[in-house]
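Overview (structure and organization)
So you can see what is in the structure, the chains are spelled out below.
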Amino acid sequence: MKRKINVGMLGTKFMGKAHSHALKDVSIFFDLDVEPVMKTLCGSGDHSDLGDLAEKYGWEKWTSDWREVINDPEIDAVAILTPGHLHKEMAIAAAERGKHIICEKPLGNSLAETKEMLEAVQINKVIHMTNFNYRKVPAVTLAKKLVDEGRLGEIIHFKAVYQQDWVVDSDWVWRFDKKQAGSGSMSDKGSHIIDLARFLVGEMTEIVADSKIFFGSKPVAGTLERKPVTTDDTCTFLTRFANGAMGLFMTSRVSTGHKNFLSFEITGTKGSVIFNLERLNELAVFLKDEERSVQGFRTVLATEPSHEYVRNMWPTGHTIGWEHTFIFQYYEFLKGISENKNPSPNFLDGVKAQEIIDAALKSVEEKRWIKI
Ligand SMILES: NC(=O)c1ccc[n+]([C@@H]2O[C@H](COP(=O)([O-])OP(=O)(O)OC[C@H]3O[C@@H](n4cnc5c(N)ncnc54)[C@H](O)[C@@H]3O)[C@@H](O)[C@H]2O)c1
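The rules behind these values
- Residues numbered from 1 in each chain as written.
- Predicted model: local features only at pLDDT ≥ 70, side-chain atom pairs only at ≥ 80, totals over all residues.
- Heavy atoms only, no water.
- Helix = DSSP H or I, 4+ residues; strand = E, 2+ residues; numbered from the N terminus.
- Phe/Tyr/Trp six-rings, centres within 6.5 Å; stacked < 30°, edge-to-face > 60°.
- Buried < 20%, exposed > 50% of the residue type's maximum accessible area, 1.4 Å probe, protein only.
- Lys NZ or Arg CZ within 6 Å of the ring centre and 35° of its normal.

Here the focus is unusual backbone geometry. Cis geometry is adopted by the peptide bond preceding Pro106, which originates at Lys105 and carries an omega value of -20°. Structurally, Pro106 can be placed in the loop between strand S5 (100–103) and helix H5 (111–123). Residue Pro345 is reached from Ser344 by a cis peptide bond, and omega for that bond is 0°. Mapped onto the elements, Pro345 comes out in the loop between helix H10 (324–339) and helix H11 (347–366). Non-glycine residue Asn340 carries a positive phi angle of around 55°. For Asn340, the position within the fold is in the loop between H10 and H11.

Given below as structure tokens:
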């Protein structure tokens, strides 16, 4: 019989739904030595629908007190899916009670916070993961393979944007409060593309950044009140990589027309690739070693069974969706628990991403290049 891993989930809304779905389905697609059990779902006190949600998502129990989950000796692993200012306290408490942890990005709201979190999981020897789920998109892993095999040659540019537009029409939400959310588009969207840059190209050594708040206040839903916005709407930054490549980045939550446009382009001396999350099964590939008269970017459908995750899904050409990246993350997290080996990306990656975010914020403040 498989060892049962009792999971507690802190956070019920957007990520609560995505993670519940992944936990429910992971064993359908992947053969694991452990069996996840959806034990307790936890949301904040303002939830009147917690019981209904828990039942709908497939959780055995629910509570509005996160400490109850962390203190429950039955719970083996915790998913932290709350606003950023709560991650540190929750993760340290969970680690001290020996719970394995998967935590949403950005790992914390500052480098100091994330370092404390890393120390706690290391001291308490629990398995840890940061949910930079876009590393697991098969087209992204294909890009990584082409870079690692040298098919693109020496990397010259990494260009990435992560653009959304929901802020333009939004009422005030916790994401507009620096204390709860960190820096805004820089940490929210930026953490994902920074992690992809590290994953695909390597470490960055210096950064110069600029950011701006376009909407200084937002209406509070159902009232005549407006609350200030203290998080950036958009940020642009340039970086240098340790391997000599140059980086060009933009994050925005006010890019009218763009819904979830995460796109990157890697340019090398022998070839280039272009990825767009809104077409996540595809990778545009240009290889200079192809016969010149037929050279050009071509669209590769990344659904071949040669991809580690996709071969567990459907037959070739049967595409996957955004939600499946969470299933792949849970596969790695549970495998990590079963093999007592940290999966990737883990809290160290969360710290490294935060190091760059903090450097970007310092650069905005001091209007100069900052060494990382
Ligand atoms: N990986 C991704 O693609 C991705 C996408 C969106 C959000 N996120 C990250 O996930 C996290 C959550 O974002 P979201 O969009 O799901 O937010 P959300 O506002 O939809 O949900 C926040 C959840 O936190 C819960 N919560 C708040 N305070 C709590 C408390 N004291 N105790 C227990 N629960 C509490 C709320 O009940 C709610 O269920 C953030 O860190 C965010 O950056 C990641």
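Further remarks concern the packing of aromatic side chains. Counted by the stated rule, this structure contains 16 aromatic pairs. Judged by centre distance (6.3 Å) and plane angle (75°), the rings of Phe158 and Phe241 are edge-to-face. Placement of Phe158 in strand S7 (residues 155–163) and of Phe241 in strand S11 (residues 234–241) is noted, with a sequence separation of 83 residues between them. Given a relative accessible area of 1%, Phe158 falls into the buried group. Take Phe241: its relative accessible area is 4%, and that puts it in the buried class. Here the guanidinium or amino end of Lys144 rests over the ring plane of Phe199, the centre of that ring lying 5.0 Å away.

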